[in-house]
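# Architecture and fold: a report
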Amino acid sequence: MDTDLRLESSLWVGNKRHRAVLTGWNFNWTEVDQKNCDKKTISVPVAEVVGVEEGRVEILPQKLVEDKDKDFTVFYVKRSSSGGSSGLLWRLGRTQFSCPSRVLRDQWTEHLRTAVKTHSPSRPHKLLVFINPYGGKKKGRQIYHSVVAPLFELAGISSHVIVTERANQARDHLLKKDLTGFDGVVSVGGDGMFSEILHGLIGRTQQESGLCENDPAVTLQPCPLHIGIIPAGSTDCVCYATVGVIDPVTSALHVIIGDSQPLDVCSVYHASALVRYSVSLVGYGFYGDVLAESEKHRWMGPLRYDYSGTMVYLSNRSYTGVVQYLPADPMLSSPRDKTRCLSGCSVCSRTTERHFPDSGSLYSAHYSQFSTESEGDWVSVEGRFRCVSLTCMSSSCPRSPQGLSPSAHLADGTGDLILVWDTHPLSFLKFLHRHTSTEDQFDLPFVEVHRVKALRFSLPSSGREEEAFGGIAEQSVVIDEEDQSYVETVSRCGSQLRLAESSAGVEMANGQKKENAFLCGLCCSKSPTVSVWNCDGEILPFTEILCRIHGQLVRLYARGIEDSTELRWGKGQV
Ligand SMILES: CCCCCCCCCCCCC/C=C/[C@@H](O)[C@H](COP(=O)(O)O)NC(=O)CCCCCCCCCCCCCCC
Ligand SMILES: Nc1ncnc2c1ncn2[C@@H]1O[C@H](COP(=O)(O)OP(=O)(O)O)[C@@H](O)[C@H]1O
Ligand SMILES: [Ca+2]
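Residues numbered from 1 in each chain as written. Chains lettered and ligands numbered in written order. Predicted model: local features only at pLDDT ≥ 70, side-chain atom pairs only at ≥ 80, totals over all residues. Heavy atoms only, no water.

### Here's the deal with the coordination of the calcium ion (ligand 3)
This is how the line gets drawn: Coordination here is defined by N, O and S atoms within 2.8 Å of the metal (3.2 Å for Na, K and Ca), and since water is not considered, a site can look incomplete. Exposure categories follow from relative accessible area, calculated using a 1.4 Å probe and restricted to protein chains: below 20% of the type maximum is buried, above 50% is exposed, and the middle band is partly exposed.
Listed as protein donors to the calcium ion (ligand 3) are Asp264 (OD), Cys392 (O), His409 (O), Asp412 (OD) and Thr414 (O); their distances from the metal cover 2.3 to 2.5 Å. Here the donor residues of the calcium ion (ligand 3) share one chain and are spaced in sequence as D-x127-C-x16-H-x2-D-x1-T. No difference in accessibility class separates His409 from Thr414, as the two residues are buried.

What follows is the structure in C-alpha cells.
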C-alpha cells in the first residue's frame, strides 16, 4: 500500500522550487536552490494533515479560494511553544503548492487524500457537539463558531450542534437519544460540561451492555464514542491535564486528526448506589468548602475560585474522618517518583497491555480485581484533616501547572490519594502555595500521598453523632427515577436548608446555580463539623462515600502532554 502511495516531484512554493516527497506516512518538501543544494526540509506526518484543497485556499478569518488549476493547498498541524503552559500549542499550518501541470496536481491531491485515509483511520466523520453558552466567560458559542467550526469544515467533518438551554441537557440527550452514526461527542465548555457528557456516555454504554452501575464490583464497559473537549470553562482541568494547554485551536486539531487518549474514571458510591463519576478531583475539606462557597459567587466567573479560596483559607477549618484505601501495586509506579505522564507514557501503555491484551479492542475488558480483593488489603487511618483529595490524573490547570499530583497518570488504572493532616494555617498555606510552583507539595511532614485503586471515607463514630445534632443531617433523600434527580433536605447550623439538586449538579437557570448557604461557618461562631465533597466541580450531598478507579473507561480526542523540550531540540516536525 505504502509503495503505491509514494510520489515524488518538483513543486513550487511561491517562486522557489522544492523537491516534494510523499512516502505513504510522511509528506515532506525541501527547497532546492540554483546549485541544486538542499535546504531545510519541512516534514509533516500524514496523520497530521488536516486537509488538502485544490487551488490557493485560505480559511481564516474567512474562506478564500483562488481557483488556479495547477495549484493545491495543504493544511497541517504546526507546533509552537506555548510560553507558560506545560504542553505545545498546535496551529494550522498552510502551504500552497504549484505544479507544472494539472495532471500532476490531481495526482498529488489524490495521493495525499488516500494517504490520510490509510494512515489516519480513526478520524471522526460525524460529531455531536454540545455548547454550554454560560460556561467560563460565556464565550462558548463564539469560540465554537469562529475558531472550531471552520476547522471541522476544512477537515470534512459534519457536526450536529446543540447549544444547551439547561443544565443536564447534554447528559440526558446522550442517555436517551439515538446516537447512530456519530463517532464522537464534543464538549464546548468547562469541567462541568465535560462531566455531563462523561455521565451521559458512561451511563448509556452500561445501559446498552445491561450492566448495573450501582454495583461497585461490576467491571464497567468502556465507552465506544470518543470525547473531545474545546475549553471554554473556568478551571478547564481535564483539557489542561490531557493536552497541556488551554487553547481551542489545539484541541480542535486533536479532534480532527482523531487522536486517542484513554482516561481513568473514578466512580463514587453512597449506600450501595452510584452517586457520580469523576476524572479529576474528589476532594473533601478545603476543596469541598471552596466549591460550596464559590457557588454563591458564580457571577464573578472564573475568579470566584480565588475569592472563595481566600475566604475558606481564612476560615481555617479542619475535619475529622476515617480514610480507608486499597493501595495500588507499588512496583509499577509511585506518586513520588518525579516522573510525568507524557504523550506515549510507558506506565499507561503497560496498563493498556495488562487490561486490553488484544490491543485496541475496547470490548475485551473482563477483568475485575475489585470484587476479589480481600478486606485485609485495605489500609485505614483516622484523624483530623485539612483536606482529603483523590485524583485520577495530575489535575493540572492554569492555576496549578503541575497539578494536585504532578506524577499521576492519565490511564494507569489508579488514583492518587492526598491526605493533608490538620496543621498550622501558615503550613497549610505553604502546601497550597507549592501547587503554583515546581516545589514538591508532598515534601511536608503533614502531607501523605498514596497511589490507590479504591477509597472509603466515613465519619468517626463521635463525628457521626455530632453530624446528626450539629452539622449536616441527611434527613431525606427522594430519588426521582424519571430525570434521575433527587431532592435532599439537610439541616446545617440548626437552620433548614433545602437543596434541589440533580445527580449532575445543583439546578441552574440561566447559568446561575441555586444558592447553597454552606459557609455559615464564616459568619456563625459555630464552625461546621463536616465538609462537603467536591466531585469535579459538583457538590456531593453525602459525606460517607466509596470510590473505585476504573482504568481507561473513556477515550478523549487527545494524546497526553507533548514534551516541549522536543520542540526546543528540533525533534518536533516542521
Ligand atoms: C496560594 C495559592 C494556592 C493555589 C492552590 C491551587 C490549587 C489548584 C488545584 C486545582 C485542582 C483542580 C481540580 C479541578 C476541579 C474542577 O473540576 C472544578 C470545576 O471546574 P469548572 O468550574 O471549570 O467546571 N474546579 C474546582 O473545583 C475549583 C477548585 C479550585 C480551587 C482553587 C483554590 C484557590 C485557592 C486560593 C487560596 C488562596 C489563599 C490565600 C491566603 C491569603
Ligand atoms: N444552558 C445551560 N444553563 C445552565 N447551566 C448549564 C447549561 N449548560 C450546561 N450547564 C451546566 O453548567 C455547569 C458549569 O458549566 P461549565 O461549562 O463547566 O462552566 P464553568 O467551568 O464556568 O463551571 C455545568 O455543571 C453544566 O451542567
Ligand atoms: Ca490514573
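Back to the text.
### Brief notes about the side chain of Asn26
Here is the rule: Working definition: helices are DSSP H or I runs of at least four residues, strands are E runs of at least two. Numbering for both runs from the N terminus. What qualifies as a polar contact is a pair of N or O atoms within 3.5 Å, subject to a donor-acceptor requirement within protein and to the restriction that residues adjacent in sequence count only when both atoms come from side chains. Any two residues whose heavy atoms approach within 4.5 Å are treated as being in contact.
Mapped onto the secondary structure, Asn26 falls in strand 3 (residues 26-32). Within the structure, Asn26 has its side chain in polar contact with the side chain of Asn28 (distance 3.1 Å). Beyond its immediate sequence surroundings of up to four residues, Asn26 is in contact with Val21, Ser43, Val44, Pro45 and Val46.

### Observations regarding helix 5 (residues 191-209)
Spelled out, the test is: Each residue after the first adds 1.5 Å to the expected span of a helix.
Its 19 residues give helix 5 an end-to-end C-alpha distance of 27 Å, which sits within 8% of 27 Å, the value for a rise of 1.5 Å per residue. The element helix 5 is extensively covered by neighbouring structure, given that 15 of its 19 residues are classed as buried.

### Quick look at the nonpolar core
Defined as follows: Only buried residues count toward a nonpolar core, which is a set of Ala, Val, Leu, Ile, Met, Phe, Trp, Tyr and Cys residues joined through side-chain atoms within 4.5 Å. By convention here, the domain bounds are inherited from an automatic or database domain assignment.
In this structure, Phe130, Phe194 and Leu263 are the most contacted members of the largest nonpolar core, which totals 41 residues. Elements with a minimum of two residues in this core: strand 10 (126-131), helix 4 (169-176), helix 5, strand 13 (226-231), helix 6 (237-243), strand 14 (261-270), helix 10 (346-355) and strand 29 (545-556). Residues lining this core come from more than one domain, with at least three contributed by each of domain 2 (126-260) and domain 3 (266-551). Leave out the neighbours within four places in its chain, and Phe194 touches Ser187, Ile227, Ile229, Val238, Leu263, Val279 and Leu556.

### Comments concerning the side chain of Gln96
By secondary structure assignment, the location of Gln96 is in strand 9 (residues 88-98). Gln96 sits in the buried class, given a relative accessible area of 17%. A distance of 3.5 Å separates a polar atom in the side chain of Gln96 from the backbone oxygen of Val57. Sequence-distant contacts of Gln96, that is, excluding residues within four places in its chain, are made with Trp12, Val13, Arg56, Val57, Phe72 and Thr73.

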